[in-house]
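Here is what each chain is made of, one letter per residue.
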Amino acid sequence: MFWAALFLPLLGGLFILSYGQRLGRKLSVSLACGTVGAAFVSALLTFFFPPSEPDQVLFRWLDLGAARVDFGAWIDPLSITMLLTVTGVAYLIHLYSAGYMAEEPEFARFFGYLNLFVAAMVMLVLANNFALLLLGWAGVGFASCMLIGFYAHKQSALIAARKAFVINTFGDLGLMLAVFVLANQGSVAFRDVLQAPSDELAIVVVVGLLVAAYAKSAQFPLHTWLPDAMEGPTPVSALIHAATMVTAGVYLLARCEPLLRLVAEMGSLIAALGLLSAALAASCALAQTDLKRVLAYSTMSQLGYMFMACGVGAYGAAIFHLVTHAFFKALLFLCAGSIIHALHGEQDMFKMGGLARRSELAGPRWGFLIGGLALAGLPPLAGYFSKEEILTAIEQNAMTDSLFLGALLTAALTAFYVGRAYILVFWGPAEHGELHRPTALMSLACWVLALLTAGAGLVLGFPGSPALGAYLRTAPIPTHLGTGLLISLGTAIPGMLLAYFMFARTRPQGPSSAAVFRLAEKGWALDEVQRLAIIAPMQMMGRLLGGRLEDVASHRLPEQVGQTAVRSGQELGLSQSGLLRTYALVLLTALLGVMTYLLWQVRA
Amino acid sequence: MSDWPVLSLMVWAPLLGAILILASPASWVKGIQRLGVLFASLPLLLALPMYASFWQAPATGYRWVEDVLWFAPLSIHYKLGVDGLSMPMLLLSGIVCCTAAFISLQIDFRRREYFALTLTAMTGVLGVFATTDLFFMILFYELASIPMFFLVGIWGSDKSGDGKPIHRRQAAMKLLVYLQLGGGLVLIGILGLYFLSSQFSPNQAFSFDLEVLRQIPLPVEAQKILFLIFFIGFGIEAGLVPFHTWLPEGHSSAPTALSMLLAGVLLKMGGYGIVRLGFDLCPEAVAEWMPFFAAIAVVNVLYGGLCALRQTDIKVMIAYSSVSHMGMVFLGLAAMTGESRSALFGLTGAVFQMFSHGIITALLFALAGTVYHITHSRNLRQWGGLAARMPFLATLFAVGAMGSLGLPGMTGFAAELMVFLGSWPARPGLTALAICGLVITTTYLIRSLGYGFFGPLNPRLVGVRDALWWERLPFLLLALTTLAFGFYPVLLTAVTSPTLQELVNRV
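The present account deals with the structure reproduced in this document.

The rules behind the values
Residues numbered from 1 in each chain as written. Chains lettered and ligands numbered in written order. Predicted model: local features only at pLDDT ≥ 70, side-chain atom pairs only at ≥ 80, totals over all residues. Heavy atoms only, no water. Helix = DSSP H or I, 4+ residues; strand = E, 2+ residues; numbered from the N terminus. Buried < 20%, exposed > 50% of the residue type's maximum accessible area, 1.4 Å probe, protein only. Contact = heavy atoms within 4.5 Å. Areas by Shrake-Rupley, 256 points an atom, 1.4 Å probe, with all protein chains shown as cover. Lys, Arg positive; Asp, Glu negative; His and termini not counted. Charge placed at Lys NZ, Arg CZ, Asp CG, Glu CD. Axes fitted to C-alpha atoms, helices over the stretch in contact; angles between N-to-C directions. Nonpolar A, V, L, I, M, F, W, Y, C, P; charged D, E, K, R; others polar. Patch = residues over 30% accessible without salt bridge, like charges linked within 9 Å, V, L, I, M, F, W, Y side chains within 5 Å. Salt bridge = Lys/Arg side-chain N within 4 Å of Asp/Glu carboxyl O. Parallel < 35°, antiparallel > 145°, perpendicular 65-115°, else oblique. Left-handed = near helix turned anticlockwise from the far one by under 90°. Disulfide = S-S within 2.5 Å. Phe/Tyr/Trp six-rings, centres within 6.5 Å; stacked < 30°, edge-to-face > 60°. Lys NZ or Arg CZ within 6 Å of the ring centre and 35° of its normal. Buried area = accessible area lost by both parts, 1.4 Å probe. Polar contact = N/O pair within 3.5 Å; in protein donor to acceptor, adjacent residues only side chain to side chain. Expected span 1.5 Å × (residues − 1).

1. Remarks on the overall build of chain A
The helix and strand tally for chain A stands at 24 helices and two strands. Considered along the principal axes of its C-alpha atoms, chain A spans approximately 115 × 60 × 55 Å. The proportion of buried residues among the 604 residues of chain A is 57%. If you take every contact in chain A between residues at least 6 apart in sequence, the share linking residues at least 24 apart comes to 82%. Entry remark: accessible area of chain A is about 24,200 Å², with carbon and sulfur atoms responsible for 68%. With 35 positive and 33 negative side-chain charges, chain A shows a separation of 7 Å between the mean positions of the two kinds.

2. What about the packing of helix α9 (residues 246–253) of chain B against helix α10 (residues 256–281) of chain B?
Residues and elements named next belong to chain B. Where α9 meets α10, the axes come as close as 8 Å, and the angle between the chain directions of the two elements is 145°. Across the interface between the two elements, W246, L247 and H251 of α9 pack against S259, L262, A263, L266 and L267 of α10. Here the contact of α9 with α10 is built from residues that sort into six nonpolar, two polar and no charged.

3. Remarks on a nonpolar patch on the surface
Residues and elements named next belong to chain A. A cluster of nonpolar side chains, W427, L458, V459, F462, L481, L485, L489, I493, L497, Y500 and F501, forms an exposed patch at the surface whose accessible area comes to about 920 Å². Looking at the nonpolar patch, the elements with two or more residues in it are α19 (440–461) and α21 (481–504). With seven residues, the top contributor of residues to the nonpolar patch is α21. Mapped onto the secondary structure, L458 falls in helix α19.

4. Description of the packing of helix α6 (residues 155–185) of chain A against helix α8 (residues 202–216) of chain A
Residue and element names in this part refer to chain A. Relative to each other, α6 and α8 sit at 155°, their axes nearing to 7 Å. In terms of axis orientation, α6 runs roughly antiparallel to α8. In this structure, α6 crosses over α8, and the sense of that crossing is left-handed. Here α6 contributes I167, N168, F170, G171, D172, G174, L175, L177, A178, V181 and L182 to the contact with α8, which in turn contributes V204, V205, G208, L209, V211, A212, A215 and K216. Grouping the constituent residues of the contact of α6 with α8 by class yields 13 nonpolar, four polar and two charged.

5. Things to note about the state of the cysteines
Inspection of the entire model under this criterion finds zero disulfides over all chains. With no disulfide of its own, B:C98 lies closest to B:C97 among cysteine sulfurs, the gap being 8.6 Å.

6. A word on the packing of aromatic side chains
Enumeration over the complete set of coordinates arrives at 54 aromatic pairs over all chains. Ring centres of A:F150 and A:Y151 lie 5.6 Å apart, and the angle between their planes is 65°; this geometry places the pair in the edge-to-face category. Across from the ring centre of B:Y372, 5.3 Å away, lies the NZ or CZ of B:R378, which sits over that ring. In this arrangement the basic side chain of B:R472 is found over the ring face of B:F392, its NZ or CZ atom lying 4.3 Å from the centre.

7. What about the interface of chain A and chain B?
Listed per partner, the contact involves 47 residues of chain A and 46 residues of chain B. Taking both partners together, chain A and chain B bury about 4,500 Å²; carbon and sulfur atoms supply 76% of that area. The interface formed by chain A and chain B holds zero residue pairs in polar contact (both at pLDDT 80 or more) in total. Those elements giving two or more residues to the side of chain A that touches chain B turn out to be β1 (55–64), β2 (67–74), α5 (130–148), α6 and α23 (526–575) of chain A. Among the elements that line the side of chain A that touches chain B, the one with the most residues is α6(A), at 15 residues.

8. Observations concerning the environment of A:V425
All names here are of chain A. Within the secondary structure, V425 is located in helix α18 (residues 401–426). In this structure V425 comes out as buried when scored by relative accessible area, which is 0%. Residues V425 and G353, spaced 72 residues apart in sequence, show a C-alpha to C-alpha distance of 4.4 Å. Not counting residues within four places of it along the chain, the set of residues in contact with V425 comprises L291, I339, M349, M352, G353, G354 and L355.

9. As for the pattern of salt bridges
All names here are of chain A. Counted according to the given criterion, the structure contains 18 salt bridges over all chains. For the salt bridge of R261 with E257, the shortest nitrogen-to-oxygen distance reads 2.3 Å. With R261 and E257 both in helix α12 (residues 257–262) and four residues apart, this pair spans about one turn of that helix. Overall, the relative accessible area of 22% leaves E257 in the partly exposed class.

10. Side note on the environment of A:K26
All names here are of chain A. With respect to the helices, strands and loops of the structure, K26 is situated in helix α2 (residues 25–48). Judged by relative accessible area, which is 73%, K26 ranks as exposed. Considering only alpha carbons, one finds K26 and A98, 72 residues apart in sequence, at a separation of 9.1 Å.

11. With respect to helix α16 (residues 362–376) of chain A
Given 3.6 residues per helical turn, the α-helix brings residues three or four places apart onto the same face. All names here are of chain A. Taking 1.5 Å per residue, 15 residues should reach 21 Å; α16 reaches 21 Å between its end C-alpha atoms and fits that length. Those residues of α16 that sit buried are P364, G367, F368, G371, G372, A374, L375 and A376. Structurally, α16 contributes buried residues whose contacts are with α14 (291–311), α15 (315–342), α17 (382–397), α18, α19 and α21.

12. Some remarks on the side chain of B:S342
Residues and elements named next belong to chain B. Note on placement: S342 falls in helix α13 (residues 340–375). Residue class for S342 comes out buried when judged on its relative accessible area of 3%. Those residues within four positions of S342 in sequence are excluded, and the remaining contacts are A335, L421, G422 and P425.

13. What to know about unusual backbone geometry
Most of the time, phi is negative for any residue but glycine, and the peptide bond is trans. Omega for the peptide link from A:F220 to A:P221 comes to 5°, which places this bond in the cis form. Secondary-structure assignment places A:P221 in the loop between α8 and α9 (225–228). A cis amide bond, omega 5°, links B:V241 with the succeeding residue B:P242. Not every positive phi belongs to a glycine, and B:R110 is a case in point at roughly 50°. Within the secondary structure, B:R110 sits in the loop between α3 (86–103) and α4 (111–130). The residue B:H376 is not glycine, and still its phi comes out positive at about 60°. Summarising the element assignment, B:H376 is placed in the loop between α13 and α14 (380–383). With a relative accessible area of 66%, B:H376 lands in the exposed category.

Here it is in structure tokens:
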């Protein structure tokens, strides 16, 4: 039945892409939502009636003598958790999109690719071997690229799509590398690799997997595509660049835990890079002017937390945060989308303001508030419980205290930028004219997500009885409600207070013009560094080889050879003069030459 | 159907069509076009059941063998036969011939001569894969390459715009010279094989027959020289750097259908020949030369990719991408030096890559040609935003580009995965370099997609149309093939693996 979660959205997507425009808006959208809804139902069924054996083979996919790769699913608590999260959030976002994209003329392209994305993501979490995982891995990259570039008339969207695709391809190559090494050791199936991991070349495999995870999950230094990806429609940002695709890296690490355990020294590196990503992104988020880019950097920052958790070995906490983050970040994005929709596409927070007074936007406002508080980690919202678990795990397992301190500081920064965003958007004096009211479907999706954001933490991860942790069968992390509360309030309240004093008392008219802020807004200029270090040399090589060398090799050299042939033909032709005396002279000379040679041979 | 001379029928059907077309009056346009498409589709119709029979019972050895003594004094046989290596190539040729004929309906002058020449060339390419007699292999090769000269020279187009202008007459000449250079080297090699083998055969008999020749043990030194000759000769046909320069010029001038045949099938003759003559007949020379050619293969991958990066002419870009992709074929072949497991991976990957590249490049050239036919421009920068007016062609171009850059689930991925799997254990460094080539491939393909089909619509192109329904058939056939074989690669590997396994065991 779990196969329905893959094939229904896949077939639906292909059908809508081919015939959606002719089918009409209503039918296409219902088909898209229906298939994803059915996928969610099949995920629920899989949860309640899981197969007895995790390895479920459908057919043989690749066959080369001894090496064979099956097309099959690996159904265990981890993949079921992922499947539920992915299909559930995807279904809500599909519903939201039905309202958000109501006036989009090219709805078939949008919903077709959105469905294809869901199919690829399901493939990714269900795969029972690394080759099939790669199929989903690249599939989500492709669908993501097509959706980022959905507004094809905008040059910036196309450039962002290209950038995302190229960086993701780089990540795919890392995964491919891991596949090569594993395949040469005998098998790429999870059954073999994860249950009896081989020590040999494990470091290469792990580095390959990490490159893949870092590219897909937008972690430093492969993160630069994520802020630009906000060029896509907002539901796409919510689904792909917040709730599902970008978390694939965390899923990969959690899935490959047995492999990672073989190279224990990588753990500290993963944790340190996770902290770097989290802190770097948080610092960028607090200088953004574009609401969606704040959320994008915030996503990167929260993913950094999940990687930190993986680095210290707390995979259960990472997956817990992945799930709650999917809820509250999707909620934040969808509310942001409703606001942007209402303001006719305005994304600059400094041009918003005063929206708290507008009754049309009461829903998005409360949604944003709930999501924002969850992001800041306030109890009893979902974000609090999962972040607490990660922080506790870091405190207990990390090699150095600096990691824990860094994580705390980043938590305070998080509270600060989310407070800043809320104040800039909703408070203040600004006036707005006619507002687009969010449609019922949009509000419905937001309310369900708000409910999940409010309740999921209590249900899934209450200290002492972590339901999700027990389900995933991970080692329990002994969190304590009292210290947890203290830590949470100790970081979140100061951050929010600071935001209140800086932005609510006297509202600034525009972003700070200090150089450091401008640099942070531009993502610490890492884009430029990448351009200079990688893209410029590649372009230069292209110019040099394709322009200069190829000109010589393709035109000048062959022409030279050809001309030499023609010229020598002409000059040799001159000897055929027709003068009998010349011929006789040549004959005589040749005869003399041959005779001399023969005589000399005889004497020697 | 087993008693019928199916292979002869398949190979000669296009030529028969050519004769019928030449016999019909030039003004009978509809009839000529229908005859052309019909006779060019026959090989595919015959190849499908043959492929199915291989799929049901894969095994080594030739099937549907026809053997007629053609010229006794030189012991030349007219001998045809198909095995697990040539079957995918014949299917590929069948598909490309059929779709190329469909695309040829766009030709609007001197149709009679055009179809006659194209069909003749098709007989040539099919014959090369179907014959097991080396004399006929050369004969068919010439039959394929000579008409191409006229096709480029008469129905080709000149390239102006930025970069060096290319004139079709010159391009045709260059194409012919390079193809003949390659063919000439191969001929020298075959003659050497012919004379040498008689010295070492038990009864001193001369033979051009592949099955006879592979039984005769040649001295290692002779094998080394012959292998080098074959590799370079066929390498020229397959776009081996630095002998690749006929590709971009030839393609940019060639009419669409010819580009499809050139890139889709003719390039594959090179790779096929290397396996058939180089590996199979000179097995002991493989370990000597392949390490060297592995390095050239990676140069092919990177050099072709970097050159493609800066092209604005879409056809030139696809031509350079062919150079890059054929590098993958060479790299896969180079895995033959490794242990038998990775050798099988590499060899299967190379054959798969030939098939995949043939289908995908034919698709891309067909699309480029059709858009050119509609917009009268091949310059990517002058296209812009075509997706808004040509959603069908844009989607298909995206499919082709994704297949070409090796998106998992498409043939390109399966092929490249196997090539890298094969070459990784023996040459991790070179393989890693080639993997980097994939990033370059991604960059130029996505770039072409972005410039050509998305972005703001060029105001000059507001009135253009999408493909008509009958124009869509060849694109759909090619795209479905790449999706089917990519999603279920066993379709190909099951057919090839017994034959390739036997070959690996020989080397």
